[in-house]
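A structural walkthrough
Below, each chain spelled out in residue letters.
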Amino acid sequence: DVKVTQSSRYLVKRTGEKVFLECVQDMDHENMFWYRQDPGLGLRLIYFSYDVKMKEKGDIPEGYSVSREKKERFSLILESASTNQTSMYLCASSFVVGGSYGYTFGSGTRLTVV
Amino acid sequence: DAKTTQPPSMDCAEGRAANLPCNHSTISGNEYVYWYRQIHSQGPQYIIHGLKNNETNEMASLIITEDRKSSTLILPHATLRDTAVYYCIVDYNNNDMRFGAGTRLTVKP
């Protein structure tokens, strides 16, 4: 089975900490994405990357950065975690060609910032 | 903003067909229609996609109107495990998927 693996299922961090959320895919997908999901707000795109060392801002990039040093790995970084970043974070990957079989999502990381 | 409109919730009896509608009146000629579903506490799962023609796979069928301004996802024999939030998305090149609020489908015994 193809997989997108997120390093942690649950994470608790303190305000002001630097937080790394890791995502690895084994499908040789070009595109990788980070979303956050909050009740009533649905999934919101934070950042995406269509190639190694490339990144594009999504709808809510403030307070986040990303790193893609290798094709299979896409990291989301919270430079200084705040309580309003408590959320479910979802990583996804896809081929770049339109009409291919959509996105494959990881199981999510539920981050709590205290 | 999401480019689709879906009803916020629907109910369906177990064993019956679930028909989930989606409006995408501003869809472009080269944009695909994708459907995903999200079961509680899991990441969204790809179901099906199409461009112009109707599509069927082992999970569902996708009916796209001739003018492509709307589509319907059909789960032919809904089970309790099909209870989930279903998202309809239009996208061209797989790098701009915006998820709206989706439709919360509840399958009832």
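Now for a look at the structure at hand.

The rules behind the values
Residues numbered from 1 in each chain as written. Chains lettered and ligands numbered in written order. Predicted model: local features only at pLDDT ≥ 70, side-chain atom pairs only at ≥ 80, totals over all residues. Heavy atoms only, no water. Disulfide = S-S within 2.5 Å. Helix = DSSP H or I, 4+ residues; strand = E, 2+ residues; numbered from the N terminus. Buried < 20%, exposed > 50% of the residue type's maximum accessible area, 1.4 Å probe, protein only. Contact = heavy atoms within 4.5 Å. Pairing = 2+ DSSP bridges. Axes fitted to C-alpha atoms, helices over the stretch in contact; angles between N-to-C directions. Salt bridge = Lys/Arg side-chain N within 4 Å of Asp/Glu carboxyl O. Phe/Tyr/Trp six-rings, centres within 6.5 Å; stacked < 30°, edge-to-face > 60°. Lys NZ or Arg CZ within 6 Å of the ring centre and 35° of its normal.

Turning our attention to the state of the cysteines. Covalent bonding between the sulfur atoms of two cysteines defines a disulfide. Scanning all chains against the criterion turns up 2 disulfides over all chains. One disulfide in the model links Cys23(A) with Cys91(A); its S-S distance is 1.9 Å. The S-S bond linking Cys23(A) to Cys91(A) shows a torsion near -80°; that makes this disulfide left-handed. One end of the pair, Cys23(A), is in strand E3 (residues 19–25); the other, Cys91(A), is in strand E9 (residues 87–94), with 68 residues separating them in the sequence. In this pair, the class of Cys23(A) matches that of Cys91(A), namely buried. Here Cys22(B) is linked by a disulfide to Cys88(B), with a sulfur-sulfur distance of 2.1 Å. Because the sign of the S-S torsion sets the handedness, a value of about -80° for the bond joining Cys22(B) and Cys88(B) places this disulfide among the left-handed ones.

Despite not being glycine, Asp28(A) has its phi angle at roughly 60°, a positive value. Here Asp28(A) lies in the loop between E3 and strand E4 (31–38). The backbone phi angle of Arg68(B) is positive, close to 65°, even though this residue is not glycine.

All right, on to the environment of Ile27(B) then. Residue and element names in this part refer to chain B. With respect to the helices, strands and loops of the structure, Ile27 is situated in the loop between strand E2 (18–23) and strand E3 (32–38). Judged by its relative accessible area of 13%, Ile27 is buried. For Ile27 and Asp91, which are 64 residues apart along the polypeptide, the C-alpha to C-alpha distance reads 8.7 Å. Once you skip the residues sitting within four places of it in the chain, Ile27 turns out to touch Val33, Arg68 and Val90.

Here we take up the sheet that holds strand E8 (residues 84–91) of chain B. Residue and element names in this part refer to chain B. Sheet architecture is open: 5 strands sit in the order E1-E9-E8-E3-E4, paired in mixed fashion. Sheet topology places strand E1 (9–13) and strand E4 (45–50) at the edges, where each strand pairs with a single neighbour. On average, adjacent strands in this sheet sit at an angle of 25° to one another, irrespective of strand direction. Here E3 runs beside E4; their pairing, made up of 5 bridges, is antiparallel. By the bridge assignment for E4, Val33 is matched with Gly50.

Sheets are built from strands that pair by backbone hydrogen bonding, the pairs being arranged parallel or antiparallel. All names here are of chain B. The strand order E2-E7-E6-E5 describes an open sheet built from 4 strands, whose pairing is antiparallel. Looking along the sheet, the strands with just one partner apiece sit at the ends: E2 and strand E5 (55–56). Relative to strand E7 (residues 70–75), strand E6 (residues 61–64) runs antiparallel, the two sharing 4 bridges. Bridge assignment links Leu62 to a residue of E7, and that residue is Leu73.

In this structure the tally under the stated criterion is 10 salt bridges over all chains. Between Asp59(A) and Arg98(B) there is a salt bridge, with its nearest N and O atoms 2.7 Å apart. Of this pair, Asp59(A) sits in the loop between strand E6 (56–57) and strand E7 (64–70) while Arg98(B) sits in the loop between E8 and strand E9 (103–108), each in a different chain. When its relative accessible area of 42% is taken as the criterion, Asp59(A) is described as partly exposed. Three or more residues are tied together by salt bridges with common partners; here these are Arg36(A), Asp38(A) and Arg44(A).

Our next topic: the packing of aromatic side chains. For the structure shown, the criterion picks out 15 aromatic pairs over all chains. Both rings, one in Tyr103(A) and one in Tyr36(B), keep their centres 6.4 Å apart while their planes meet at 70°; by these two values the pair is edge-to-face. Here Tyr103(A), found in the loop between E9 and strand E10 (104–105), pairs with Tyr36(B), found in strand E3, and the two come from separate chains. We note that Tyr103(A), like Tyr36(B), is buried. In textbook terms, an aromatic cluster arises when at least three aromatic residues are bridged by ring pairs, as seen for Phe33(A), Tyr35(A), Phe48(A), Tyr103(A), Phe105(A), Tyr32(B), Tyr34(B), Tyr36(B), Tyr46(B), Tyr87(B) and Phe99(B). Geometry around Tyr10(A) places Arg9(A) over its ring, the cationic atom sitting 5.8 Å from the centre.

As far as function goes, none of this settles anything; it's purely spatial.
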